[in-house]
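Topology and contacts: notes
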Amino acid sequence: MPHSFETLAIHAGQEPDPSTGAITPPIHMTSTYAQPALGKNKGWVYSRGGNPTRENLETCLAALEKGAGCCAFGSGMAAITALLQTLKPGDGVVAGLDLYGGTHRILETLFRPWGVEIVYTPDATPEGYRDALAHTANPRLAWVESPTNPLLNISDIAAISAVVHEHGECNVVVDNTFATPWLQRPIELGADYVIHSTSKYLAGHSDVVGGVIVAKTNELLDPVKRMQKSAGAIPSPFDVWLTQRGVKSLAVRMQRHCDNALALAQALQAMPEFTRVVYPGLPDHPHHEIARKQMDGFGGVVTVEMRDGFPAVERLLERLEIFTLAEGLGGIESMVNFPPRMSHESLSEEELAERGITQSTVRFSVGIENIDDLIRDIRQAAG
Ligand SMILES: *Cc1c(COP(=O)(O)O)cnc(C)c1O
């Protein structure tokens, strides 16, 4: 019987423990496994290669993303790096310019010096990717992020996948961190790999850092699995157990994140202190129609421009009481971020301008607190 998302989130990879009946599978806090005799084992040999707690999470997230398999890592960046490490010198990556800062940094500081060709398209549309592919000698990965951080641009994953797959050997990877599989399943739209920083919505409680790669087929998963085992950037059993605990409530949390974010975005539009409110669920968002087509909801992040520039931003950040100034997003608690000095600090003035980030840009990660409290908090801090 095929199960639906909410059921899989709770039960996939979560069989009660066969030895005790414990309804929550235990944390297998072990580095290695006793072997009954030379050449004999119970399928587990050493925890860099495999660990039952980690495998449970991998089973669950592969099911939620509709992939064949999944590999878990110690951070989102470790997952991203592992996938890029499956490339060889001379291979090419095409990517949207509006990319998570850490991904941009690892491409530029590690993979370009190692001989991987990297070509960006400022225009993350099917035409933009087509053009970038035409300027890449041996494209092997097309990197897509949607929605992007912090301006929540949306790319048409199905149309981009179709364009990329005309290039035979090139695979599409989607960083699905902002959407989560509850709102968007890139493999169903034609992507080959899905990446997550599970530190955000999947774990969801701002208490653990992690990452995963889900692959569409076992053949695509193989090189990632080899990299997970050989390079060894694995998560601890405790960390994957915490992540699993978060994933069980993903559907209800995301629903509330989306409801709160939409209500907040609408309230901010009515406040004169904000000249621009960016949220894919608003009809005036430039990619609202694509978002409606490929997503089941619009996520929990809202980005604004403040009318009175940086002094107004500083004042807002000081006066907010519920929204906490912090790096990161996707937790149950509301957080606020000033991209030019925090998440996007490594970008130059020019690079910020190219992406439309200014000294008045503020990003809210809308939590699941009471929405009236959240609106009141921003009203008192901005006014
Ligand atoms: C946070 C984030 C990452 C990096 O993940 P870490 O778990 O912080 O290493 C990658 N992509 C996106 C979109 C993110 O938000």
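Each remark here, short or long, concerns the structure printed above.
None of the values given here were measured: they were computed from a predicted structure.

Spatially, the seven strands line up as an open sheet ordered E1-E7-E6-E5-E4-E2-E3, and their pairing is mixed. Either end of the sheet is taken by a strand with one partner, and the two such strands are strand E1 (69–73) and strand E3 (117–121). For this sheet, the mean inter-axis angle between neighbouring strands, taken without regard to orientation, is 20°. Of the strand pairs in this sheet, strand E5 (residues 171–175) and strand E6 (residues 193–197) are connected by three bridges, and their pairing is parallel. Note that in E6 the partner of Val173 across the bridge is Tyr193. Packed on one face of the sheet, helix H9 (residues 218–231) meets E1, E5, E6 and strand E7 (211–215) and runs near 25° to E1.

This part covers the environment of Val252. Looking at the element boundaries, Val252 is found in helix H11 (residues 250–269). With 81 residues separating them along the chain, Val252 and Asn171 place their C-alpha atoms 32 Å apart.

On to the nonpolar core, then. Counting 69 residues, the largest nonpolar core has Leu268, Phe274, Val302 and Phe364 as the members making the most contacts within it. Looking at this core element by element, the count peaks at nine residues for H11. Counting only domains with at least three residues in this core, you end up with domain 1 (5–247) and domain 2 (250–382). With sequence-adjacent residues up to four places away left out, Val302 is seen in contact with Leu152, Ala261, Ala265, Leu268, Val277, Val278, Tyr279, Val362, Arg363, Phe364 and Val366. Of all hydrophobic cores here, the second largest spans 30 residues; its members include Leu83, Ala95, Val116 and Ile213.

Next up on the list: a nonpolar patch on the surface. Nonpolar side chains collect at one region of the surface, where Ile27, Met29 and Phe238 lie side by side and expose about 280 Å² of accessible area between them. Within the fold, Met29 resides in the loop between helix H1 (5–11) and helix H2 (52–64).

Our focus in this paragraph is the sheet that holds strand E10 (residues 324–325). Read across the open sheet, the five strands follow the order E8-E9-E12-E11-E10; overall the sheet is mixed. Sheet topology places strand E8 (274–278) and E10 at the edges, where each strand pairs with a single neighbour. This element, helix H13 (residues 309–319), spans strand E9 (301–306), E10, strand E11 (335–337) and strand E12 (361–365) of the sheet and lies at about 130° to E9.

Let us now look at unusual backbone geometry. Looking along the chain, the bond that leaves Ser146 and enters Pro147 is cis, with omega of -5°. As for its position among the elements, Pro147 is in the loop between strand E4 (139–145) and helix H6 (157–165). A cis amide bond, omega 0°, links Asn149 with the succeeding residue Pro150. Along the chain, Pro150 falls in the loop between E4 and H6. In this model, Lys66 sits at a positive phi of 60°, which is unusual for a non-glycine residue. Within the secondary structure, Lys66 is located in the loop between H2 and E1. Residues other than glycine seldom take positive phi values, yet Ser206 does so here, at roughly 50°.

The ligand sits among 14 residues. The nearest are Gly76, Asp175, Ser197, Ser199 and Lys200. Contact between the ligand and Gly76: an oxygen atom at 2.9 Å from a main-chain N or O atom of the residue. With respect to the ligand, the backbone of Met77 contributes an N or O atom lying 2.9 Å from an oxygen atom. Against a free-state accessible area of 380 Å², the protein chains account for coverage of 91% of the ligand. For the shell around the ligand, the leading source of residues is helix H3 (residues 76–84), giving three residues. The residue inventory of the shell around the ligand, partitioned by class, reads five nonpolar, six polar and three charged.

Attention now moves to the pairing of E3. In terms of residue burial, E3 counts as a mostly covered element, since four of its five residues are buried. As paired strands, strand E2 (residues 92–96) and E3 are joined by five bridges and run parallel to one another. Following the sheet pairing, Ala95 is matched in E3 by Tyr120.

All told, the structure shown has 13 salt bridges when counted by the stated rule. With a shortest N-O distance of 3.6 Å, Glu58 and Arg54 are connected by a salt bridge. Linking Glu58 with Arg54, this pair stays in helix H2, spanning four residues, or about one helical turn. Look at Glu58 and you get buried, because its relative accessible area is 9%. A relative accessible area of 3% means that Arg54 is categorised as buried. Here Arg185 ties to Asp296 by a salt bridge, and the two come within 2.9 Å at their closest N and O atoms. With Arg185 in the loop between helix H7 (180–183) and helix H8 (186–189) and Asp296 in the loop between helix H12 (288–294) and E9, this pair connects stretches of sequence that are 111 residues apart. Accessibility expressed as a relative area gives 17% for Arg185, which makes it buried.

What counts and how
- Residues numbered from 1 in each chain as written.
- Predicted model: local features only at pLDDT ≥ 70, side-chain atom pairs only at ≥ 80, totals over all residues.
- Heavy atoms only, no water.
- Pairing = 2+ DSSP bridges.
- Helix = DSSP H or I, 4+ residues; strand = E, 2+ residues; numbered from the N terminus.
- Axes fitted to C-alpha atoms, helices over the stretch in contact; angles between N-to-C directions.
- Contact = heavy atoms within 4.5 Å.
- Core = buried A, V, L, I, M, F, W, Y, C linked by side-chain atoms within 4.5 Å.
- Buried < 20%, exposed > 50% of the residue type's maximum accessible area, 1.4 Å probe, protein only.
- Domains from an automatic or database assignment.
- Patch = residues over 30% accessible without salt bridge, like charges linked within 9 Å, V, L, I, M, F, W, Y side chains within 5 Å.
- Areas by Shrake-Rupley, 256 points an atom, 1.4 Å probe, with all protein chains shown as cover.
- Salt bridge = Lys/Arg side-chain N within 4 Å of Asp/Glu carboxyl O.
- Near = heavy atom within 4 Å.
- Polar contact = N/O pair within 3.5 Å; in protein donor to acceptor, adjacent residues only side chain to side chain.
- Nonpolar A, V, L, I, M, F, W, Y, C, P; charged D, E, K, R; others polar.

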